[in-house]
There are 2 protein chains.
Amino acid sequence: MSKNLTTRSEDYSKWYNELVVKADLAENSGVRGCMVIKPYGYAIWEKMQAELDRKFKETGHENAYFPLFVPKSMFEAEEKNAEGFAKECAIVTHYRLKNDPDKPGKLMVDPNAKLEEELIVRPTSEAIIWSTYKGWVQSYRDLPLLINQWANVVRWEMRTRLFLRTAEFLWQEGHTAHATRAEAIEESEKMMNVYADFAQDFMAIPVIKGLKTETERFAGAEETYCIEALMQDGKALQAGTSHFLGQNFAKAFDVKFANAEGKQEYVWGTSWGVSTRLMGALVMTHSDDQGLVLPPNLAPIQVVIVPIYKTDEQLDAITAEVAVLIANLRKLNVSVKYDNRTTQKPGFKFAEWELKGVPVRVAVGPKDLENGTFEVARRDTLTKEVKSKDGIETYISDLLVQIQADLFNKALTYRDTHVTEVNSFEEFKTVLNDKGGFVSAHWDGTAATEEKIKDLTKATIRCIPLDSVEEAGVCVFTGNPSSKRVLFAKAY
Amino acid sequence: MSKNLTTRSEDYSKWYNELVVKADLAENSGVRGCMVIKPYGYAIWEKMQAELDRKFKETGHENAYFPLFVPKSMFEAEEKNAEGFAKECAIVTHYRLKNDPDKPGKLMVDPNAKLEEELIVRPTSEAIIWSTYKGWVQSYRDLPLLINQWANVVRWEMRTRLFLRTAEFLWQEGHTAHATRAEAIEESEKMMNVYADFAQDFMAIPVIKGLKTETERFAGAEETYCIEALMQDGKALQAGTSHFLGQNFAKAFDVKFANAEGKQEYVWGTSWGVSTRLMGALVMTHSDDQGLVLPPNLAPIQVVIVPIYKTDEQLDAITAEVAVLIANLRKLNVSVKYDNRTTQKPGFKFAEWELKGVPVRVAVGPKDLENGTFEVARRDTLTKEVKSKDGIETYISDLLVQIQADLFNKALTYRDTHVTEVNSFEEFKTVLNDKGGFVSAHWDGTAATEEKIKDLTKATIRCIPLDSVEEAGVCVFTGNPSSKRVLFAKAY
């Protein structure tokens, strides 16, 4: 198979777009801004879902499902949230088509089927969920509510890119309600940590935990926690957010509870989500010019076995040997595919599985049968070695663990060498343009400065890292005093 | 807890509506016709999903995801399908809200953000999927495509009922493409059988497999296979359908392939789906006047343990004993809840878990501790017995298997005694009104007769059973000749 993949150094953005399509992850659909997630891409998303879902349940959350539509009056109840999303709302105004009298075989919107109130296709579900919570909460005994939803949401985008920015995307959104401010903050932080552990331990993507500035905060939140990752082109990607909503939605939807003393109080809320955007982060963190590189935890196929043969007798002998290996690998919970297609040559198969990021490739030929060996190749390092068949299944199983760790460490090294402290705006611009990555700089804390820097450099404040230390300094832009460095970067 | 549940004999329909809400399965939302699926209901749906998903993958299918929206021109490409769904389409016409200049704090649809082409919120996904398949199929080597999607769909309904008929519902929809007519028919039949096995073996709901008449067929299909279940009020419920689409969608979307001889042919298609409607079937097949009755396979909690105590010392002793039981049950993969709430009395707890359909309840008091016993109660039969603690976990685990089987057999007996052969229209009406259930009758095969019978009796032809035998007879309505009996019933 000919890959013809644009290289990262040629054009990173083009490389990404081509790779997503050629590796069968997703493609653009006939619907503006909406993607089709293809089976191979969806299988990776299913692995993410399963692990996240396990973590959510382990931390006491339950799944539920709330409506796709939000009536306009409900949508606008929390004003900041509504204002934040108003410009990207798909709006249902009618509920029936009819035959077009002027065009036989064509349909038209039936003007007599106009809705009394327009319905917004949810861009996020705080409004519909808090309007429901009103009926679920009377007393402190009904709290906390710890609920998650797996759903599709729609945010109308003018410029879209597969996984990174699409009009419709898949996500999970947690929505919790608590009796106290402290408990809600604890929940927001807990879920940020769940996301960080998931990104690092499962996706092998190192992340920085931090707080968003007011400008970058979720519309309607008092505080937004985030995890920020760094892509190979030096741009940051927000990989997950967890919001402390204060009592904003409780007040907008009148959700009160009787506390232990019988006094009525407003409920405290959080919401948190990750989306199919993580697929983009996955591709851009690990992959190379040969194609996808998948961490073993996320690979739909962890090991592919390719037979090398000339005659049918050779193939039969190889297949018999391979059957034993497959059985032994499956016992170790390794997912294996035996690519015994007769329509393609080994070289084509090698290239195809490289493109699709299968972590380990095993090749077996007649020589291997004679010698009792297999050729084992790593996708991440593109190296291979010949191994004795004795204990090969344990070797491969251990190798998958090693690859998972190596991918994380490689990404961590890249990230750590791309966080640069700067102390002047000149330095800021030089680092941003020449090296990229996170620029750690003092900032005077004002939205005005943040905006000016963005206008001049396209860099935004990705976060105020949770582990940043107090340090007297001056804002790189205004020279005004600052007590903490924040992280700037260009971002997806 | 006071249940205050309307009984089935008082008002079956009211009983159902109350039960769904009181057992925390679902509730109506603030959005017309859309429901909220509550955590307890969603946990049951998740069990259905997991088992179906396993069966789909076992039969070679992969999951993918296609857009929520269908542009109008794409929607109307397959005319019969478009016509069939046109009257129930939610239509997106605009993509932005703006501040309403006349009403501070309110939003309005921005008239400058009108879409060039209206988007239909998918009522089913054949159109969008077949427009995608066009790009995926060139040669016979690309076939079959065996793809499933878990998604939400919207069909605008004027009169809605929780789970049974809602504007938005959750479902899975399989969409497959094949090189030959025979292979596509085989696939449609295979998936009907997958659904039948699932309904019977997993949900304990007996079903009749059959074909729909032309009137009842899916819009755009050549043949619709279905599974029909019978509810306790004698009304039928269509529990799943599998459609042989012929080449209709391939022709509408120009999906052709080069066969082994290099000749261009249209692809053959199928589609098949089940939805959250199955939740309604579940409730109406097994439940009783005390509340839900859940087959153990679907119960989020299979065993609930309630301590009976007066003093804290007694509770501590019971808890210690119960800890052992819980550990032993979990080893046998039984899901257990220990209801040690101190805020509620045992009677309240008994009633609550009865309402929620937990298959087995274990009660333990100080007497049991002395005697080394537990009291074990079955939800389905409302019977209880005292059992020695020796081997209790195996007893309970076996009991769950027994309950699953008993529920199926009970429903099967009810169903089998409610299939009545009739040979005149008088008899037809009498059986339908006095006894209900399926009425097995000769029919002359015309849509006109079918419609007249429906107008007069509200009964429709549920299916032409696959196992119906050739038998010379005359149509109960017109007296015209007929060679097969079909099944009529009033239906949900």
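Keep in mind the model is a prediction, meaning the values are calculated, not measured.

Rules and cut-offs
- Residues numbered from 1 in each chain as written.
- Chains lettered and ligands numbered in written order.
- Predicted model: local features only at pLDDT ≥ 70, side-chain atom pairs only at ≥ 80, totals over all residues.
- Heavy atoms only, no water.
- Helix = DSSP H or I, 4+ residues; strand = E, 2+ residues; numbered from the N terminus.
- Contact = heavy atoms within 4.5 Å.
- Domains from an automatic or database assignment.
- Salt bridge = Lys/Arg side-chain N within 4 Å of Asp/Glu carboxyl O.
- Buried < 20%, exposed > 50% of the residue type's maximum accessible area, 1.4 Å probe, protein only.
- Least-squares fit on C-alpha atoms with pLDDT ≥ 70 in both.
- 1 Å grid on protein atoms, 1.4 Å probe; cavity = no way out; pocket = protein on both sides within 12 Å on 5 of 7 lines; lining within 4 Å.
- Points joined across faces, edges and corners; volume = space filled by probe spheres on them.
- Nonpolar A, V, L, I, M, F, W, Y, C, P; charged D, E, K, R; others polar.
- Buried area = accessible area lost by both parts, 1.4 Å probe.
- Polar contact = N/O pair within 3.5 Å; in protein donor to acceptor, adjacent residues only side chain to side chain.
- Pairing = 2+ DSSP bridges.
- Axes fitted to C-alpha atoms, helices over the stretch in contact; angles between N-to-C directions.
- Expected span 1.5 Å × (residues − 1).

**Student:** Would you mind going over the side chain of Arg415(A) with me for this structure?
**Tutor:** Relative to the helices and strands, Arg415(A) resides in helix 12 (residues 392-416). Excluding residues that lie within four positions of it along the chain, Arg415(A) makes contacts with Pro206(A), Val207(A), Ile208(A), Leu230(A) and Phe438(A).

**Student:** Sorry, what's going on with the domain arrangement of chain A here?
**Tutor:** Where interface size is quoted, it is often the accessible area lost as the parts come together. Split into domains, chain A comes out as domain 1 (12-286), domain 2 (296-402) and domain 3 (419-489). The C-alpha centroid of domain 3 of chain A is placed 49 Å from the C-alpha centroid of domain 2 of chain A.

**Student:** Explain the pattern of salt bridges to me, please; I cannot follow it from the model alone.
**Tutor:** Two side chains carrying opposite charge are able to pair once their charged atoms lie near each other. Taken as a whole and judged by the stated rule, the model has 60 salt bridges over all chains. With its nearest N and O atoms 3.9 Å apart, the salt bridge here joins Asp339(A) to Lys349(A). Within this pair, whereas Asp339(A) is found in the loop between strand 18 (336-338) and helix 10 (346-355), its partner Lys349(A) is found in helix 10, the two being separated by ten residues in sequence. The exposure class assigned to Asp339(A) is buried, which follows from its relative accessible area of 2%. Taking the relative accessible area as the measure of exposure, Lys349(A) reaches 1% and is therefore buried. With a shortest N-O distance of 2.9 Å, Glu58(B) and Arg54(B) are connected by a salt bridge.

**Student:** Got a minute to help me understand the relation of the copies chain B and chain A in this structure?
**Tutor:** Copy one and copy two of the chain differ by a rotation about a common axis and a shift along it. Least-squares fitting of chain B to chain A yields an RMSD of 0.0 Å, with the superposition described by an axial translation of 0.0 Å and a rotation of 180 degrees. Seen this way, the second copy is the image of the first under a two-fold rotation axis. Residue Val92(B) of chain B places its C-alpha closer to the rotation axis than any other residue of that unit, at 2.1 Å. A share of 100% of the interface residues of chain B reappears at the interface of chain A, consistent with the copies meeting face to face through the same patch.

**Student:** Explanation requested: empty space enclosed by the protein in the structure shown.
**Tutor:** The probe, sized like a water molecule, is rolled over the atoms to show the empty space still left. Under the definition given, this model contains one cavity of 30 Å³ or more. Lining the largest cavity are Met35(A), Ile37(A), Glu168(A), Phe169(A), Leu170(A) and Tyr65(B). Of all elements in the fold, only strand 2 (35-37) and strand 10 (168-178) of chain A reach the threshold of two or more residues within the lining of the largest cavity. For the lining of the largest cavity, the element with the most residues is strand 10 of chain A, which contributes three residues. When grouped by side-chain class, the residues that make up the lining of the largest cavity number five nonpolar, no polar and one charged.

**Student:** Just checking my understanding: could you explain the interface of chain B and chain A for this structure?
**Tutor:** Across the contact, 64 residues belong to chain B and 64 residues belong to chain A. Where chain B abuts chain A, roughly 5300 Å² becomes buried across the two surfaces, and 68% of that area is made up of carbon and sulfur atoms. Taken together, chain B and chain A are joined by four salt bridges. Of the charged contacts in the structure, one is a salt bridge between Lys57(B) and Glu46(A), with a shortest N-O distance of 3.1 Å. On the surface where chain B and chain A come into contact, there are 28 residue pairs in polar contact (both at pLDDT 80 or more).

**Student:** Sorry, what's going on with unusual backbone geometry here?
**Tutor:** The bulk of non-glycine residues show a negative phi, and the bulk of peptide bonds are trans. All names here are of chain A. Of note, the bond from leucine 143 into proline 144 is cis; its omega dihedral lies within 30 degrees of zero at -5 degrees. Examined against the element boundaries, proline 144 turns out to sit in the loop between helix 5 (126-136) and strand 9 (145-154). In this structure, phenylalanine 163 takes a positive phi of about 70 degrees despite not being glycine. Inspection of the secondary structure puts phenylalanine 163 in the loop between strand 9 and strand 10. Residue phenylalanine 163 is classed as buried on the basis of its relative accessible area of 2%.

**Student:** Help me understand the sheet that holds strand 13 (residues 236-246) of chain B in this model?
**Tutor:** The pairing of strands in a sheet happens through backbone hydrogen bonds and is either parallel or antiparallel. Residue and element names in this part refer to chain B. Pairing is mixed in the open sheet, where eleven strands are placed in the order 3-9-10-16-13-12-11-24-27-23-22. Two strands in the sheet have a free side with no partner beyond their single neighbour: strand 3 (62-63) and strand 22 (419-421). The strands touched by helix 6 (residues 181-202) are strand 9 (145-154), strand 10 (168-178), strand 11 (208-211), strand 12 (223-230), strand 13 and strand 16 (268-275); relative to strand 16, the strand with the most contacts, the crossing angle is about 10 degrees.

**Student:** What should I look at first to understand helix 9 (residues 312-331) of chain A in this one?
**Tutor:** All names here are of chain A. Taking 1.5 Å per residue as the helical rise, helix 9 with its 20 residues ought to reach 28 Å, and the 29 Å between its terminal C-alpha atoms agrees with that figure. Of all the residues in helix 9, the buried ones are Leu315, Ile318, Val322, Leu325, Ile326 and Leu329. Next to the buried residues of helix 9 lie strand 17 (303-307), strand 18, strand 19 (360-364), helix 11 (366-371), strand 20 (373-378) and helix 12. Following helix 9 by one or two positions, asparagine 333 has its phi on the positive side, about 60 degrees.

**Student:** What should I look at first to understand the sheet that holds strand 21 (residues 384-388) of chain A in this one?
**Tutor:** All names here are of chain A. Pairing within the open sheet is mixed, and its five strands lie in the order 18-17-19-20-21. In this open sheet, the two strands that pair with only one neighbour each are strand 18 and strand 21. Each strand axis lies, on average, 25 degrees off the axis of its neighbour in the sheet, ignoring direction. Bridge count between strand 20 and strand 21: five bridges; the pairing is antiparallel. Counted as the bridge partner of phenylalanine 374 is lysine 387 from strand 21. Seen against the sheet, helix 9 touches strand 17, strand 18, strand 19 and strand 20 and runs at an angle of roughly 170 degrees to strand 18. Across the sheet, helix 12 is in contact with strand 17, strand 19, strand 20 and strand 21; its angle to strand 20 comes to roughly 10 degrees.

**Student:** Quick question: what am I supposed to make of helix 12 (residues 392-416) of chain B here?
**Tutor:** Given 3.6 residues per helical turn, the α-helix brings residues three or four places apart onto the same face. Compared with an ideal rise of 1.5 Å per residue, which puts 25 residues at 36 Å, helix 12 of chain B spans 35 Å between its outermost C-alpha atoms and is within 8% of the ideal. Along helix 12 of chain B, the residues that are buried comprise Ile392(B), Glu393(B), Ile396(B), Ser397(B), Leu399(B), Leu400(B), Ile403(B), Gln404(B), Leu407(B), Phe408(B), Ala411(B) and Arg415(B).

**Student:** Would you mind going over the pairing of strand 20 of chain A with me for this structure?
**Tutor:** Looking along a regular strand, one sees side chains alternate from face to face of the sheet. Residues and elements named next belong to chain A. Along strand 20, six of the six residues are buried, which leaves the element largely enclosed by surrounding structure. Side-chain alternation along strand 20 places Thr373, Glu375 and Ala377 on one buried face and Phe374, Val376 and Arg378 on a second face that is also buried. Bridge count for strand 19 against strand 20 is four bridges, and the pairing is antiparallel. Its bridge partner being in strand 20, valine 360 is matched across the sheet by arginine 378. Hairpin remark: strand 20 followed by strand 21, antiparallel, with five residues in the connecting loop; positive phi at leucine 382, about 55 degrees.

**Student:** Looking at this structure, I do not really get the environment of Pro295(A). What am I missing?
**Tutor:** Residue and element names in this part refer to chain A. Inspection of the secondary structure assignment puts proline 295 in the loop between helix 8 (277-286) and strand 17. Given a relative accessible area of 0%, proline 295 falls into the buried group. The sequence separation of proline 295 and threonine 93 amounts to 202 residues, and the corresponding C-alpha distance is 45 Å. Filtering out sequence-adjacent residues up to four positions away, proline 295 remains in contact with Phe202, Met203, Ala204, Leu282, His286, Gln404 and Leu407.

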